[in-house]
Amino acid sequence: MFAIVRTGGKQYRVAAGDKIVVEKMAGEAGDQVTLGDVLLAGEGGDLKDVAKLTVAAEIIAQAKGEKVIVFKKRRRHNYRRKNGHRQNHTILRILSIGGESKKADKAAAKTQDAAPAAAEA
């Protein structure tokens, strides 16, 4: 089974056992996180309902990316600026796809509680 999740403003296609590098997330190595923003899920050619779907992942490490050199220059004005930047990343291992999200469970419970109250009125 695969899923497309959104985190850090980017989208990733993941399956159980995959390792992905995402923008920095809160947590230490070994912590469990859930990715609740699932855009699409399926198996083979079949698509699944993603309303209550979550993706469970484990943080492997917090790391920094490659250094990017930012060099600015204006010709004939003796203007040169050199700066470097290293982006913080989180490395995740996808544990499972398909857990029920707590947010969706709460929403379903509220609609079930509201339905009997409306029937009594």
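Residues numbered from 1 in each chain as written. Predicted model: local features only at pLDDT ≥ 70, side-chain atom pairs only at ≥ 80, totals over all residues. Heavy atoms only, no water.

Helix and strand counts for the protein come out as one helix and eight strands. Mapped from its N terminus to its C terminus, the protein presents α and β elements in the order β-β-β-β-β-β-β-β-α. Per-residue burial for the protein yields a buried fraction of 23% across its 121 residues. A sequence separation of at least 24 residues applies to 65% of the contacts in the protein between residues at least 6 apart. Of the accessible surface of the protein, which amounts to about 8,700 Å², a share of 49% is contributed by carbon and sulfur atoms. (Helix = DSSP H or I, 4+ residues; strand = E, 2+ residues; numbered from the N terminus. Buried < 20%, exposed > 50% of the residue type's maximum accessible area, 1.4 Å probe, protein only. Contact = heavy atoms within 4.5 Å. Areas by Shrake-Rupley, 256 points an atom, 1.4 Å probe, with all protein chains shown as cover.)

Turning to the sheet that holds strand 5 (residues 38-43), a few remarks are in order. The four strands lie next to each other as 2-1-5-6, forming an open sheet whose pairing is antiparallel. Both edges of this open sheet fall to strand 2 (10-15) and strand 6 (46-47), since each of them pairs with a single strand only. Two elements, strand 1 (residues 2-7) and strand 2, share six bridges in a ladder whose sense is antiparallel. The residue bridging Thr-7 from the neighbouring strand is Lys-10, located in strand 2. (Pairing = 2+ DSSP bridges.)

To continue, consider the environment of Val-33. With respect to the helices and strands, Val-33 occurs in strand 4 (residues 32-35). For Val-33, a relative accessible area of 14% puts it in the buried group. Remark: the alpha-carbon pair of Val-33 and Glu-58, spanning 25 residues in sequence, is separated by 6.0 Å. Ignoring any residue separated from it by four or fewer positions in sequence, one finds Val-33 in contact with Met-25, Val-55, Ala-56, Ala-57, Ile-59 and Leu-92.

The antiparallel hairpin formed by strand 1 and strand 2 contains two residues in its connecting segment, where Gly-8 sits at a positive phi of about 65°. When strand 1 meets strand 5, the two strands line up antiparallel, connected through four bridges. If you follow Ala-3 over to strand 5, its bridge partner there is Ala-41.

A word on the packing of aromatic side chains. A full pass over the atoms with the stated rule returns zero aromatic pairs. A cation over a ring is seen here: Arg-13 above Phe-2, with NZ or CZ 4.4 Å from the ring centre. Sitting over the ring of Tyr-79, Arg-74 keeps its end group 4.8 Å from the ring centre. (Phe/Tyr/Trp six-rings, centres within 6.5 Å; stacked < 30°, edge-to-face > 60°. Lys NZ or Arg CZ within 6 Å of the ring centre and 35° of its normal.)

A few words now on the pairing of strand 4. Going residue by residue along strand 4, you find Val-33 and Leu-35 tucked away on one face and Gln-32 and Thr-34 left uncovered on the opposite face. With four bridges joining them, strand 4 and strand 7 (residues 53-74) adopt antiparallel strand pairing. Bridging across to strand 7, Leu-35 finds its partner in Val-55.

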